[in-house]
Amino acid sequence: MAGLTVLRDEIRGLARASRQPAYLPASTYRLQLNKNFTFGQAAPLAAYLRDLGIDTLYCSPYLEATPGSLHGYDITNPLRLNPEIGTPEDYERFCGALCEKGLGQILDIVPNHMGIRGNTNTWWQDVLENGEASAHASFFDIDWNPPKAELAGKVLVPILEDHYGIVLEKGEIALHLEGGRLLLKYYDHEFPLDPSTYPFVLARGLEELHAGASVEDGVFSSFVEVLEALHKLRNKTSPEDRKARDAEKEKAKENLGALFRRSDALRGFAESRVGLFNGSKEDRRSFDLLDELIGRQHYRLAFWRVASEEINYRRFFTVNDLAAIRMEDPEVFDAYHASLFRWVSAKKLQGFRIDHPDGLYDPVAYFRGLQRHAFAQLAARDLQGAASEEELRAEALAVAREEEFAGLTPFFTVVEKILERGEKLPADWRIHGTVGYDFLNDLNGLFVQRENQKAVQEVYESFIGHPIRFNEASHDQKKFFATVSMASEVSSLGNRLDAISEKSRCFRDFTRASLTAAIGETIACFPVYRTYITPGDTAVSERDRKYIEIAVKKAKSRNPGMNPSVYDFLAKVLLLELGPGLPEEKLYRDFVLRFQQLTGPVMAKGVEDTALYIYNPLVSLNEVGGSPDSFGISVEEFHRHNAERQEQWPHGLIATSTHDTKRSEDVRMRINVLSEIPQEWKTQIERWAIVNEKHKTLIRDLLQPTRNTEYFIYQTMLGVWPDLADPNPNQVPENLRTRLEEYFLKSAREAGLYTSWMKPEAEYEEALKKFLCGILSGEKSGGFLGTFLEFQRKISAAGKLNSLSALVLKLGSPGAADFYQGTELWDYSLVDPDNRRPVDYDLRRALLSGVAEKTASSVTKEKILEEFLASKDDGRIKLYLLSQGLHFRRREPRLFSGGDYVPLEIAGERKKDAVAFLRRQGGARAVAAAGRFFSGTASDAPPAEFWKGTFVLLPQDNALRALTDIFSGRRVSPRPFQDKPAIELSQIFSPLPAALLSGPAANEPAG
């Protein structure tokens, strides 16, 4: 006992030291790993990334996923590496390469759902085989008692390309015998049979087998014994019964396989039984046996279109191949994270990125559990030998649950949380911040000229011929997904709410239909992704109360014909106001948590994946977590949000491009330029529309594509057109044609107005393709491409300056600077799969090596900057700024991770055209300053004279009396302006209209 007390005291000491994580990245670089880019290909990049200035590699999921997966979010086995990415030995070499170069590793993990396509998910296959008797039945969020009686005890599997009867009678579902197993196959899908139904197949005509005397008596009797054992299997769900059943059925299948190998005659008999079931296309009745066999299984095969109304397992959004898992169950949590925590203990992983936490039943509990178990692994590693590893982990978990240590966050963790405008990240999450969409939208908004919002809106509405309101488009699409695409999930909630109402005489008169309708409308009106009420809450937070009340109020106003008391009842349930201790308290708490899980998918599908492809005034604002109708952000807002980020979440990621962004950072920065020149933009598109109308197709009295789609197309082309040394309107790069065709087809299906993923319309899609082919046809385009390219070059030149300014502000901002693969050079990518194209790392290595040679030579930084800026199309200027900035951050980690954030005032003639702020910590200082709104300047950077008379005003600070621009090497000293120390922008904005100024480091004297 004394030894245990001492051990626990040692662990408490570790816990106190772990209040701040041992590892905090300064910069991250995201890699997309898949069969086309493996551990073997990624390992050599460690040296390149270190030379670039990156300190942490941020990997896409690499646990085993659906074969062929290019993204990894459809994990099928969390206990095994994806064999398409590499072997365990490859992984060891990959991690070794990172360690050798001093790089940490963050892994993207997916706790909300798993991939179930095919037969590679053994947990899901076990559920299909054994139903509720499966040891994994509780792993997936399945409603085993749905309203449809025919689905009781079954899982609906909506996988068929047509109605079940049609598919069956075409012979596309077939019974197979493999070893000692019976299974159904439908193309690349496999469905195991409940072993208790094997006798229904194999015992048919058994007396004939015995009478034929072709099988030895011993084999025959053993065969009969196996069939009898299988027939006696029972679907009991206690842990003991499940374990016994599992052992019995596996033994029976092994015995069957052995008997078939032993006797060819028995094997032939079994195969003939299978043949009886598979039927003949010429005889419909011949499929009756197979139909009956399928009806006896723990699943119901169905046409994929029925999923929206009848599916009884929770999905990821509307993807039938992704089944949600019950991470709130400790058994599921432990099983899923076993390999991940092993890698934490082995120092292979230094952080997690959590995918879609809004899908979790209780995110707060999940994050606490994640941190507790990570701490237990770290403590067991650090105290190795003090006790058994199992005992060390158990004691560490016990310590982590103590009140003093309940707030531990020892392991770096960021989350894919989408924050709506004005929304704050919940303070009780045991994490270090988000993946950076909040910063992305703030930074991008700085480069949108807000004063022109009305003018841009008028150009848009004039061109398309009618107004579109973003909030209305969002509501309509959310309502569609809630009531059509995800009707099954909403209906399930309606049934649960109806059950709650039936338990009280005050509420029992509400009908199931009205309750379901109220739920759907309230979800459509929800202003944020979700609320975060936990199972143990006795009251709702002010944050959550506000959002619930907003949603219910809006829903009620949109449905004046419905009895308002239905919404009042729903509000009472969501706000936990029915009263504690009521018989239905557990029931309505479960309803509330499940309601929370559904608002996020509806928001994502309705807004991110649909409305953002419908509302197009300035598509650079149509980004994940963005507010395209708010038209940018003020400098004051940007500073306020950055200051809050530094105070509350200083270690979260700050991103500008990700694997999920609708457009890369450089595409957005080009399109932002249109906000500066609305009248010129109007002139151009009206001219283009006249020239290009001949390429449209009349479909049901409507010219397609519509003006709205055409407007979207022109903006996109301006954003993605590659930098060509000699652009020729008669020679459009073939890969660009293909990319644009694929992207616009995806965009049209996402918008869902004239075609969709659910119901592709070939006539419309052909019209869209014809229009693109016409406008990209060079000489046949009627001069369009010539005028387009002239305008595009102007947009591109200003867009590049926007990108460089944004990069400088990002390098100075609070948080870990995150960079998506390939974006160290100009990157004009669109949403996936376009942004997952191969990256030319040989080119990047060569360019970085050239940059390093230049900076190590006697050539001054100012000359280097001039050279790179003069040839900015090759991307070296972006690479140079990035590498210089990252190395600066690496030299001053405390300055950028914990330094104060001080907004700086710009004064003078061009004060609206620049942004600046100060970072300070100890004796170290950094000033980030950047220009914006470059459309009125020359195609190159505006000259120093352009900035004369405009100043950055500095606080009184001795450490600021001498500053050096890390890009140009120019040394500047403040001089008085308006009774404050100041730097004239003409001193630092030449030749680049941005600067990152370094003051004395903490160990250096000021001056």
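Since the structure is predicted, the reported quantities are computational estimates derived from the model, not experimental observations. (Residues numbered from 1 in each chain as written. Predicted model: local features only at pLDDT ≥ 70, side-chain atom pairs only at ≥ 80, totals over all residues. Heavy atoms only, no water.)

A. Just the pattern of salt bridges, in detail. Applying the stated rule across the entire model yields 82 salt bridges. We note a salt bridge from Arg 845 to Asp 842, for which the minimum N-O separation is 3.3 Å. Of the two residues, Arg 845 and Asp 842 are both situated in helix 32 (residues 841-856); the distance of three residues between them amounts to about one turn of the helix. If you follow the salt bridges from partner to partner, you end up with Arg 30, Asp 108, Arg 353, Asp 355 and Glu 416 in one network. (Salt bridge = Lys/Arg side-chain N within 4 Å of Asp/Glu carboxyl O. Helix = DSSP H or I, 4+ residues; strand = E, 2+ residues; numbered from the N terminus.)

B. Local environment of the packing of helix 20 (residues 487-501) against helix 23 (residues 564-574). Packing of helix 20 against helix 23 leaves a shortest axis separation of 12 Å and a crossing angle of 90°. When the interaxial angle is binned, helix 20 and helix 23 end up roughly perpendicular. Counting all contacts with helix 20, which are made through Leu 497, Ile 500 and Ser 501, the residues of helix 23 involved are Phe 569, Leu 570 and Val 573. (Axes fitted to C-alpha atoms, helices over the stretch in contact; angles between N-to-C directions. Parallel < 35°, antiparallel > 145°, perpendicular 65-115°, else oblique. Contact = heavy atoms within 4.5 Å.)

C. Fine view of the pairing of strand 1 (residues 27-31). Extensive coverage of strand 1 is indicated by the burial of five of its five residues. Here strand 1 shows two buried faces, one formed by Ser 27, Tyr 29 and Leu 31 and the other by Thr 28 and Arg 30. The pairing of strand 1 with strand 19 (residues 816-820) spans four bridges and is classified as parallel. Paired with Arg 30 across the strands is Tyr 820, a residue of strand 19. In terms of strand pairing, strand 1 meets strand 2 (residues 56-59) through four bridges, oriented parallel. Bridge pairing in strand 2 links Leu 31 to Cys 59. (Buried < 20%, exposed > 50% of the residue type's maximum accessible area, 1.4 Å probe, protein only. Pairing = 2+ DSSP bridges.)

D. Geometry of a nonpolar patch on the surface. Side chains of Leu 702, Leu 753 and Tyr 754 sit close together on the surface and give an oily, nonpolar patch of about 250 Å² of accessible area. With respect to the secondary-structure elements, Leu 702 resides in strand 18 (residues 702-704). (Patch = residues over 30% accessible without salt bridge, like charges linked within 9 Å, V, L, I, M, F, W, Y side chains within 5 Å. Areas by Shrake-Rupley, 256 points an atom, 1.4 Å probe, with all protein chains shown as cover.)

E. Structural view of the side chain of Asp 590. Mapped onto the secondary structure, Asp 590 falls in helix 24 (residues 585-608). Within the structure, Asp 590 has its side chain in polar contact with the side chain of Arg 496 (distance 2.9 Å). (Polar contact = N/O pair within 3.5 Å; in protein donor to acceptor, adjacent residues only side chain to side chain.)

F. Examining the sheet that holds strand 13 (residues 319-324) more closely. Ordered in space as 6-13-12, the three strands form an open sheet in which the pairing is antiparallel. The sheet terminates laterally at strand 6 (113-115) and strand 12 (315-316), the two strands that pair on one side only.

G. Representation of the sheet that holds strand 21 (residues 906-908) within the structure. Judged by pairing direction, the sheet is antiparallel, and its four strands sit side by side in the order 21-24-28-27 without closing on themselves. The open sheet has two edge strands with one neighbour each: strand 21 and strand 27 (975-977). Sheet twist, expressed as the mean angle between neighbouring strand axes with direction ignored, is 50°. In this sheet, strand 24 (residues 950-953) lies alongside strand 21 in antiparallel orientation, the contact comprising three bridges. Paired with Ala 907 across the bridge in strand 24 is Phe 951.

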